[in-house]
Amino acid sequence: MTMAKDIKRIKAKTDDIGILTLYLNTDASENRQNGEWKIHLKNGMKELKDQVKDSENPEEKKALKKLLEQAETRIEENRLNLQKSYFLTASADGKLWEEKILQVPVTTSFHWSTESQTGQLEALDQRFPETGIIVIQQRDVAFIETALGEILGERHFSWDLDREDWVDYDKSTPPVDRATGKDEFQRRFDENRQRWYKNLVPRLSKEIKERNLDGAYLVGSREAVAELEPHMSPAHLRGTVTKNLGSMPSHEIVKEVYDTLI
């Protein structure tokens, strides 16, 4: 599991000079005033600087100052993309730099020690395990793998009328039906969608199993969800969102699902 591997790798790293760990809650619903998290960021950085001001090792103060400046730059660069929270851990020797923009809230905290402080990240990984999001939009179905709001991978399927089968395709090159027009497709879709969706379930189940996910959320119009849901294993289905989100970018779909169900 990718998040668990990330955490294991982060925990394995130590640095005698220091490792910065930063958790920043950027959730607008919890920050009553717009940009309140910026105040918490400024205060937290000041506290860390105060923590090392009496250090006998000049390299420690220099390293922390550099990492805090880099962190502040990265946060500003990502300002428009920040969702519920931001995580960063980075070592003085430059061999560790791990940042995550998360769709789940954290408790704002700042740490400077010889190892990363991964407690909150581990707790969140247990509470919000890696899951799939299955997005249905008539003939097109997307499978999005996500953890804590991060998109870890995607797979896209489309029903090919010529082949009479579901086809995996790159997002930029969906299959083109040569022999049928829009009206003909819609007629055949209305007549066969239950069977077509049922035929896709084994592939979706395979994605869940091979990615070792804790199930998947089903997203689509009320009609589409009603067609596919009965064929899904209850063990694989974590919940449903009856909204037609298929035309939205993947990161916006993930945000909608997390806001609705998580």
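Bear in mind that the values here come from a model prediction, so they are computed numbers and not experimental data.

1. Description of the overall build of the chain
Here's step 1: Tallying secondary structure elements over the chain gives 7 helices and 10 strands in all.
Here's step 2: In terms of overall dimensions, the chain has a C-alpha envelope of 75 × 40 × 35 Å along the principal axes.
Here's step 3: Looking at the chain alone, contacts between residues at least 24 apart form 61% of all its contacts between residues at least 6 apart.
Here's step 4: Side-chain charges of the chain comprise 40 positive and 47 negative groups, with the mean position of each set lying 0 Å from the other.

2. Quick look at the sheet that holds strand β3 (residues 97–102)
Here's step 1: If you trace the 4 strands from one edge of the open sheet to the other, you get β3-β2-β1-β4, paired in antiparallel fashion. In this open sheet, the two strands that pair with only one neighbour each are β3 and β4 (109–115). Taking the axes of each pair of neighbouring strands and ignoring which way they run, one obtains an average angle of 10° across the sheet.
Here's step 2: Where strand β1 (residues 14–25) and strand β2 (residues 85–91) come together, 7 bridges link them in antiparallel fashion. Each bridged residue has a counterpart across the sheet, and for Tyr23 the counterpart in β2 is Phe87.
Here's step 3: The strands that helix α2 (residues 36–52) touches are β1 and β4; relative to β4, the one it contacts most, it runs at about 35°.
Here's step 4: Contacts between helix α3 (residues 58–77) and the sheet are confined to β1, β2, β3 and β4, with β1 contributing the most and set at about 30° to the helix.

3. Quick notes on the packing of α2 against α3
Here's step 1: Interhelical geometry of α2 versus α3 gives an angle of 170° and a closest axis separation of 10 Å. Overall, the two elements α2 and α3 adopt an arrangement that is roughly antiparallel. Contacts between α2 and α3 involve Trp37, Leu41, Met45, Leu48, Lys49 and Val52 on the former and, on the latter, Glu60, Lys61, Leu64, Leu68, Ala71, Glu72 and Ile75.
Here's step 2: Partitioned by chemical class, the residues of the contact of α2 with α3 number 9 nonpolar, no polar and 4 charged.

Cut-off values and rules
Residues numbered from 1 in each chain as written. Predicted model: local features only at pLDDT ≥ 70, side-chain atom pairs only at ≥ 80, totals over all residues. Heavy atoms only, no water. Helix = DSSP H or I, 4+ residues; strand = E, 2+ residues; numbered from the N terminus. Contact = heavy atoms within 4.5 Å. Lys, Arg positive; Asp, Glu negative; His and termini not counted. Charge placed at Lys NZ, Arg CZ, Asp CG, Glu CD. Pairing = 2+ DSSP bridges. Axes fitted to C-alpha atoms, helices over the stretch in contact; angles between N-to-C directions. Parallel < 35°, antiparallel > 145°, perpendicular 65-115°, else oblique. Nonpolar A, V, L, I, M, F, W, Y, C, P; charged D, E, K, R; others polar.

Function-wise, these values are silent; they only describe arrangement.
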